[in-house]
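Structural overview
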Amino acid sequence: MLRYKIEKILKEKKLSLTKSRKKVLKFFIKSSKPLSLNQIRLFVGKMDRVTLFRVLNIFESKQIVHKIRLENGKTLYALCKEECEGDNHNHNHIHFQCENCNDVSCLTIENFPVLKIPNYTLNNIDINVTGLCINCN
Ligand SMILES: [Zn+2]
Ligand SMILES: [Zn+2]
Ligand SMILES: [Zn+2]
């Protein structure tokens, strides 16, 4: 099932099914949580840095994953949902970090703000929220 899902995503994004792509994508699907570069590297094992960065970059440009930039400068990668199609990522969700357990998640919110500024093109709205997660609350 998992393998079928991985191949389906790669095919839909018109990416060839390389070993490294399948391996990285497998980890994202299995863990279903935002992942740090270190976590990904631990999982993929022997893959060299350049290959891994290449896989992550192409996944980002193909709307398979998106970056989460945390306040402390750390970057996480999270799997995109179906709405990320076409030319842009379309994330109508916030990034939440728990102050107690440091858990980070992508959370869908109702009434995601629509921002408009005359003469500006706004492509991307990042909302980072901190507080207490469902387990710590
Ligand atoms: Zn996306
Ligand atoms: Zn927590
Ligand atoms: Zn997200």
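Below, the structure is looked at part by part. Because the structure is predicted, anything quoted here is derived from the model rather than measured.

With that settled, the discussion passes to the coordination of the zinc ion (ligand 3). The protein atoms donating to the zinc ion (ligand 3) are His66 (NE2), His93 (NE2), His95 (NE2) and Cys106 (SG), with metal-donor distances spanning 2.0 to 2.3 Å. One way to put it: the four donor atoms around the zinc ion (ligand 3) meet at angles of 100 to 113 degrees, and that makes the site tetrahedral. Within one chain, the residues donating to the zinc ion (ligand 3) are spaced in sequence as H-x26-H-x1-H-x10-C. With His66 in strand E2 (residues 65-69) and Cys106 in strand E5 (residues 104-108), this pair connects stretches of sequence that are 40 residues apart.

Packing of helix H3 (residues 37-44) against helix H4 (residues 49-61) leaves a shortest axis separation of 12 Å and a crossing angle of 120 degrees. Crossing geometry of H3 relative to H4 is assigned as right-handed. The residues of H4 that touch H3, namely those facing Leu37, Ile40, Arg41 and Val44, are Arg49, Leu52, Phe53 and Leu56.

Taken together, the protein ligands of the zinc ion (ligand 1) are Cys80 (SG), Cys84 (SG), His89 (ND1) and His91 (NE2), with distances of 2.1 to 2.2 Å. Geometry at the zinc ion (ligand 1) is tetrahedral, judged from the four donor atoms that bind it and their angles of 85 to 122 degrees at the metal. Mapping the donors of the zinc ion (ligand 1) onto the primary sequence gives the spacing C-x3-C-x4-H-x1-H. The exposure class assigned to Cys84 is buried, which follows from its relative accessible area of 1%. Assessed through its relative accessible area of 15%, His91 is described here as buried.

Rules behind the numbers
Position labels on residues start from 1 in each chain and follow its written sequence. Lettering for chains starts from A, numbering for ligands starts from 1, and both go in the order in which the items are written. Confidence filtering applies because this is a predicted model: local features only for residues at pLDDT of at least 70, side-chain atom pairs given and counted only at 80 or more, and all residues used for totals across whole chains, interfaces and linings. As a rule here, side-chain values come from all non-hydrogen atoms in the structure, and water together with hydrogens is ignored. The rule for donors is simple: an N, O or S atom within 2.8 Å of the metal counts, and for Na, K and Ca the reach is 3.2 Å. Water is not among the atoms, so a site may look short of donors. Here a site with four donors is tetrahedral if all angles are between 85 and 135 degrees, and a site with four or six donors is square planar or octahedral if opposite donors are over 155 degrees apart and the other angles are between 65 and 115; anything else gets the irregular label. Runs of H or I in DSSP of at least four residues are treated as helices and runs of E of at least two as strands, each being numbered from the N terminus. The convention used is that axes are lines fitted to C-alpha atoms, helices contributing only their stretch in contact, and that angles between N-to-C directions extend from 0 to 180 degrees. Two helices cross in a left-handed way if the nearer one is turned anticlockwise from the farther one by less than a right angle. They cross in a right-handed way if the turn is clockwise. Throughout, a residue-residue contact means that at least one pair of heavy atoms, one from each residue, lies within 4.5 Å. With a 1.4 Å probe rolled over the protein chains alone, any residue whose accessible area is under 20% of its type maximum counts as buried; one over 50% counts as exposed, and the rest are partly exposed.

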